[in-house]
Amino acid sequence: MIREFIYKYYIDPIRYGQPYTLVDTLTYAGILIICVWLIYRWLCKSNISVDREFVYALIPWVIWGGLLRVVEDTGVSGSGWGMLLTTPFIFFLIFTVAAPTLWVLWFLEKRQVILKFKQTFGIVGAIVSLGTLIFLLWYGLTTTRVDLMVAATILSMAAVSTGIVYGLLRHVFKWEYVSDRLYQLLIFGHMLDASATSYGIDLHSVPYVEQHVVGSALIAMTGTAFVMFPLKLLVIIPGIWILEQYRRSDNSGIWYLILLAMIMVGMAPGIRDMLRMVLYV
């Protein structure tokens, strides 16, 4: 019975690319929370400060995660290696690359070989992201296609919706703290995800589907994927308010990691979905 449960809710959905269920969604959310806490404890023990500079350095690695998911979508990695590029295995894959890189750069800074290890860490993330993007564009040019108008449309939708949400929070709700660049990144990441999902399901010529439980239910109920925008607002508006209350009461590094995790769960799938549609995979 346990074996059947594991195959039904964890192994088969990964193997056959099935939509997420409530069971695996809650499981992966729990894994993410545990990973954030463990990473925070490891960083503290390693005397690596978790601050704004650290979050900015991790953004390129978040982008890399989204790009790696597109590599899996192309099928070039094969069924075996491809599983490493799916949730939740991709979390551990990126960690096994990023964590040693971070530690080595921290060690080199201590030995005065490099000046700023966090800045260098971000540059390394940008390099691996650029390399992966170049590979994906090469794949599109040689195997499928590259439709830059799709990217321009989705990014425009994300930019406009981000501006609207920011204006609402800043000038209607009078939340001055949303002027913080990290909150703006959070808003943009989730608006990018909503824009990519809406475009992919309602406007793209390839019949994409929403894989997450709540999103797919609402789309089926309303008949349009643009329902993702109000759904995102229901998440990020109270999320930003709660984060700000936590920052005022406890200004520890865990706030930065929680904020980073929220940026990641919006930005990474948004990048993945947008690139899939650009490449028609």
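Residues numbered from 1 in each chain as written. Predicted model: local features only at pLDDT ≥ 70, side-chain atom pairs only at ≥ 80, totals over all residues. Heavy atoms only, no water.

Visitor: Looking at this model, I keep getting lost on the packing of helix α7 (residues 148-172) against helix α11 (residues 254-279). Mind explaining?
Guide: If you want to describe how two helices pack, look at the angle between their axes and the distance between the axes. At a closest axis distance of 8 Å, the pairing of α7 and α11 adopts a crossing angle of 150°. For the element pair α7 / α11, the angle class is roughly antiparallel. Between α7 and α11 lies a crossing whose hand is right-handed. On α11, the residues touching Val 150, Ala 151, Ile 154 and Leu 155 of α7 are Met 274, Met 277 and Val 278. When grouped by side-chain class, the residues that make up the contact of α7 with α11 number 7 nonpolar, no polar and no charged. (Axes fitted to C-alpha atoms, helices over the stretch in contact; angles between N-to-C directions. Helix = DSSP H or I, 4+ residues; strand = E, 2+ residues; numbered from the N terminus. Parallel < 35°, antiparallel > 145°, perpendicular 65-115°, else oblique. Left-handed = near helix turned anticlockwise from the far one by under 90°. Contact = heavy atoms within 4.5 Å. Nonpolar A, V, L, I, M, F, W, Y, C, P; charged D, E, K, R; others polar.)

Visitor: I tried to follow the environment of Ala 261 on my own but got confused; where do I start?
Guide: Assignment of secondary structure puts Ala 261 in helix α11. Each C-alpha atom of the pair Ala 261 and Leu 32 lies 8.0 Å from the other, and the pair is 229 residues apart in sequence.

Visitor: Hey, could you run me through the packing of aromatic side chains in this one?
Guide: Each aromatic ring pair is characterised by the separation of its centres together with the angle its planes make. Counted according to the given criterion, the structure contains 13 aromatic pairs. Where Trp 175 meets Tyr 177, the ring centres are 5.6 Å apart and the plane angle is 20°; that geometry is what we call stacked. A relative accessible area of 13% places Trp 175 in the buried class. Given a relative accessible area of 13%, Tyr 177 falls into the buried group. (Phe/Tyr/Trp six-rings, centres within 6.5 Å; stacked < 30°, edge-to-face > 60°. Buried < 20%, exposed > 50% of the residue type's maximum accessible area, 1.4 Å probe, protein only.)

Visitor: Honestly, the nonpolar core in this entry has me stumped. Any pointers?
Guide: Counting residues in each nonpolar core, the largest one holds 78 residues, and the members touching the most others are Phe 121, Ile 154, Leu 169, Ile 240, Leu 257 and Leu 259. Sorting the residues of this core by element identifies α2 (22-45), α3 (52-74), α5 (89-110), α6 (117-142), α7, α8 (181-202), α10 (228-249) and α11 as the ones contributing at least two each. The element contributing the most residues to this core is α11, with 17 residues. For Ile 240, the contacting residues outside a window of four places in its chain are Leu 169, Trp 175, Tyr 177, Val 178, Tyr 183, Leu 186 and Ile 187. (Core = buried A, V, L, I, M, F, W, Y, C linked by side-chain atoms within 4.5 Å.)

Visitor: Just to check I follow, could you spell out the packing of α8 against α10 for this structure?
Guide: It is the contact of α8 with α10, at a shortest axis distance of 10 Å, that shows an interaxial angle of 165°. One way to sum up the angle between α8 and α10 is to call them roughly antiparallel. Crossing of α8 over α10 shows right-handed handedness. Here Tyr 183, Leu 186, Ile 187, His 190, Met 191, Asp 193, Ala 194, Ser 195, Thr 197 and Ser 198 of α8 lie close against α10, whose contacting residues are Met 228, Phe 229, Lys 232, Leu 233, Ile 236, Ile 240, Leu 243, Glu 244 and Arg 247.

Visitor: Got a minute to help me understand the environment of Phe 95 in this structure?
Guide: Turning to its location among the elements, Phe 95 is positioned in helix α5. Of the residues examined, Phe 95 reaches a relative accessible area of 36% and is grouped as partly exposed.

Visitor: Is there a simple way to explain α3 in this structure?
Guide: In a regular helix each residue adds 1.5 Å, so 23 residues correspond to 33 Å; α3 covers 34 Å between its end C-alpha atoms and thus fits that length. At Ile 59, α3 shows its strongest bend, of approximately 25°, with the proline Pro 60 following within four residues. Phi for Gly 75, located one or two positions after α3, is positive at around 85°. (Expected span 1.5 Å × (residues − 1). Bend = angle between axes of the 7 residues up to and from the residue.)

Visitor: Whenever I open this one, a nonpolar patch on the surface confuses me. Can you help?
Guide: Together, Ile 34, Trp 37 and Leu 38 line one region of the surface with nonpolar side chains, adding up to about 330 Å² of accessible area. Tracing the backbone shows Trp 37 in helix α2. (Patch = residues over 30% accessible without salt bridge, like charges linked within 9 Å, V, L, I, M, F, W, Y side chains within 5 Å. Areas by Shrake-Rupley, 256 points an atom, 1.4 Å probe, with all protein chains shown as cover. Salt bridge = Lys/Arg side-chain N within 4 Å of Asp/Glu carboxyl O.)

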